[in-house]
Amino acid sequence: MKNNEYKGLRDRITGAKALMRALKAEGVKTIFGYPGGSIMPVYDALFDYTRGEKKCFDHILVRHEQGATHAAEGYARVSGEVGVALVTSGPGVTNTLTGIADAMLDSTPIVVIAGQVPISALGTDAFQEVDLVGVAQPISKWSYQIRRAEDIAWAVSRAFYIARSGRPGPVVLDFARNAQVEEIDWEPQKVDYVRSYEPYPKASEAAIREAAELINNAKCPLALVGQGVELGNAQQELKAFLEKADIPAGRTMLGLSALPSNHPLNVGMLGMHGNYAVNLKEQQCDVLIAIGMRFSDRVTGNVNHYAKQAKVIHLDIDPSEIDKNVKTDVAVVADCKESLPAITALLKENKHQEWRDSFKELDEKERTKVIEPAIHPQDGPLLMGEVVNAVAEQSPDNTVLVTDVGQNQLFATRYFKYHHHRSICTSGGLGTMGYGMPAAIGATFAAPERPVVCFMGDGGFQMCIEELGTIMEWKVPVKLIILNNNYLGNVRQWQDMFWMRRKSFTKMMNPCYELIAQGYGIPYRAVTDRKDLAEAVEQMLTTDGPFILECAIKEDDDVLPMTPPGMNVDEMMLEV
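The following paragraphs examine the structure supplied in this document. (Residues numbered from 1 in each chain as written. Predicted model: local features only at pLDDT ≥ 70, side-chain atom pairs only at ≥ 80, totals over all residues. Heavy atoms only, no water.)

**A word on the layout of surface pockets**
Right, on to step 1. Within this model, the second largest pocket holds a volume of roughly 710 Å³.
Right, on to step 2. Lining the second largest pocket are 29 residues, with N266, V267, G268, N275 and R367 positioned closest to its centre.
Right, on to step 3. If you list the elements that add at least two residues to the lining of the second largest pocket, you get β11 (266-269), α15 (353-375) and α17 (407-415).
Right, on to step 4. With 11 residues, the top contributor of residues to the lining of the second largest pocket is α15.
Right, on to step 5. Class assignment for the residues of the lining of the second largest pocket results in 11 nonpolar, eight polar and 10 charged. (1 Å grid on protein atoms, 1.4 Å probe; cavity = no way out; pocket = protein on both sides within 12 Å on 5 of 7 lines; lining within 4 Å. Points joined across faces, edges and corners; volume = space filled by probe spheres on them. Helix = DSSP H or I, 4+ residues; strand = E, 2+ residues; numbered from the N terminus. Nonpolar A, V, L, I, M, F, W, Y, C, P; charged D, E, K, R; others polar.)

As structure tokens, then:
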């Protein structure tokens, strides 16, 4: 929009108030934050924008700045909008760095706005001064210091444009205190172009034709579906593509809800702890079609022996992903919402029944050896898989699954059911313990009409346990399931399998979670016997507001199948 279109709208305001107007112009509705000295002028301006006639934001006071970024991530992942975190300088903003790095690796659009000392004090080691731009630059899409109030409208618009466009990611704004208090003539700005930044590359027509030709001639095609399908809102385009050519599809952990669990072409989850058949078939297919995924080491196993028999087609919006980990035969660099229909238009109606049937024997082997014993055990202590399955069976189809990191994450993602898009929030690339609870808070504000369940281990639950205060204050209706095995379970499993059972500092002495729940006024129930599990899950899901369900889990419950680190993807273990 041209500047002259705003003629007559100018008035004299502080930089802090200019930020409020800039955020409102970007459609921001929810801010997760924690105040402090260097951001106080902004918080004073925010006061008027969260109440009365001017109200346009909900500000959620978190209990730790890391929680603000993870909540912003959960909000972004479920809503498809940009999440916003607002914090102060120094330790306030350094506490957000884990969330910023997490958002970068998982392509999550958030904007972190942090206070900074005045420009005149920079470089003097002033109280709570830190070089945020320098620190954040390697782990963000863009980091910028707002040094003058007149740059606020431009910087905020540019930040949101970069965060949400192309391959999404985090942007950091370092807001000097002098710019917050300076007065300017307010003039909105809209940034929709950045020189040398091409967020939506146009697919090569030759590459489209080459991809279609390979798929049309394939006897054993296999699609690998990543989060890029969700980020591009291309779920329907994906289905049309798969169904026309009859292509079985595996999904990455972050891409699990891009294709419904009950879709006939869904063949399971990829990766180290994914499903047996799809991982073995990656080594047998003749054409491998990667859609919006990055060939993570947790998907490929030993990359030197990964899918060497297959022609590889890679659809991705980010050209830096092409040939980064896996050599590509045909690269289609574009938004998959555009590239998928273009390829589909050139595909022949096809059937690959024999190829699809070849998955069934392997699926049955996994079901017999791993799945049934995990979700329907006959005796002994509770297992993680059966708890996840019990919650999945009773949860409405539109439920959002949030997980922390560790065994709870691996069991939850394996055994939950996905019916709607944007139904999973989990930390993939960074593997951040403590992510679950604040991300679940963000998810509930993004979609208050959708139930949110969050699985956590006893370790991850305690990493951001202070966010129970946020849940208490806002009566956040998230259902927290603690899978308590008194261990850092995933590390314990690796120690048992690969380190001669030397359990070095993975055993945990845990607090009384019931007393903690009482302190925060959150309903709580513990389950130690499987005969009580179904009724306890029903109580949790039907209770208004938040609920904590603690399940006493078998201490040495292992996540299987598993591809050991450094091994080929088809060398999966079904038993220890």
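Now that the structure has been shown, we can carry on.
**Some thoughts on the packing of helix α16 (residues 384-394) against helix α23 (residues 533-542)**
Right, on to step 1. At their nearest, the axes of α16 and α23 sit 10 Å apart, and the two run at 50 degrees to each other. The angle between α16 and α23 falls in the class oblique. Read as a crossing pair, α16 and α23 show a hand that is right-handed. For the pair α16 and α23, contact is made by E386, V387, A390, V391 and Q394 and by L533, A534, V537, E538, M540 and L541, respectively.
Right, on to step 2. Taken together, the residues of the contact of α16 with α23 break down into eight nonpolar, one polar and two charged. (Axes fitted to C-alpha atoms, helices over the stretch in contact; angles between N-to-C directions. Parallel < 35°, antiparallel > 145°, perpendicular 65-115°, else oblique. Left-handed = near helix turned anticlockwise from the far one by under 90°. Contact = heavy atoms within 4.5 Å.)

**Considerations on the environment of H376**
Right, on to step 1. With respect to the secondary-structure elements, H376 resides in the loop between α15 and α16.
Right, on to step 2. By relative accessible area, which is 40% here, H376 ends up partly exposed.
Right, on to step 3. In the structure, H376 is positioned 255 residues away from A121 in sequence and 63 Å away in space, judged by C-alpha atoms. (Buried < 20%, exposed > 50% of the residue type's maximum accessible area, 1.4 Å probe, protein only.)

**Comments concerning the sheet that holds strand β14 (residues 330-333)**
Right, on to step 1. The six strands are arranged β11-β10-β9-β12-β13-β14 in an open sheet whose pairing can be described as parallel. Whereas interior strands pair on both sides, the edge strands pair on one side only; in this sheet they are β11 and β14. Along the sheet, successive strands turn relative to each other by an average axial angle of 15 degrees, direction set aside.
Right, on to step 2. Where strand β12 (residues 287-291) lies against strand β13 (residues 311-316), five bridges are found, and the strand directions are parallel. Residue pairing for β13: L288 is matched across the bridge by V312.
Right, on to step 3. The strands touched by helix α11 (residues 235-245) within the sheet are β9 (221-225), β10 (249-251) and β12, with β12 carrying the most contacts at an inclination of about 170 degrees.
Right, on to step 4. Its contacts with the sheet place helix α14 (residues 336-344) against β12, β13 and β14, and it is angled at close to 135 degrees to β13. (Pairing = 2+ DSSP bridges.)

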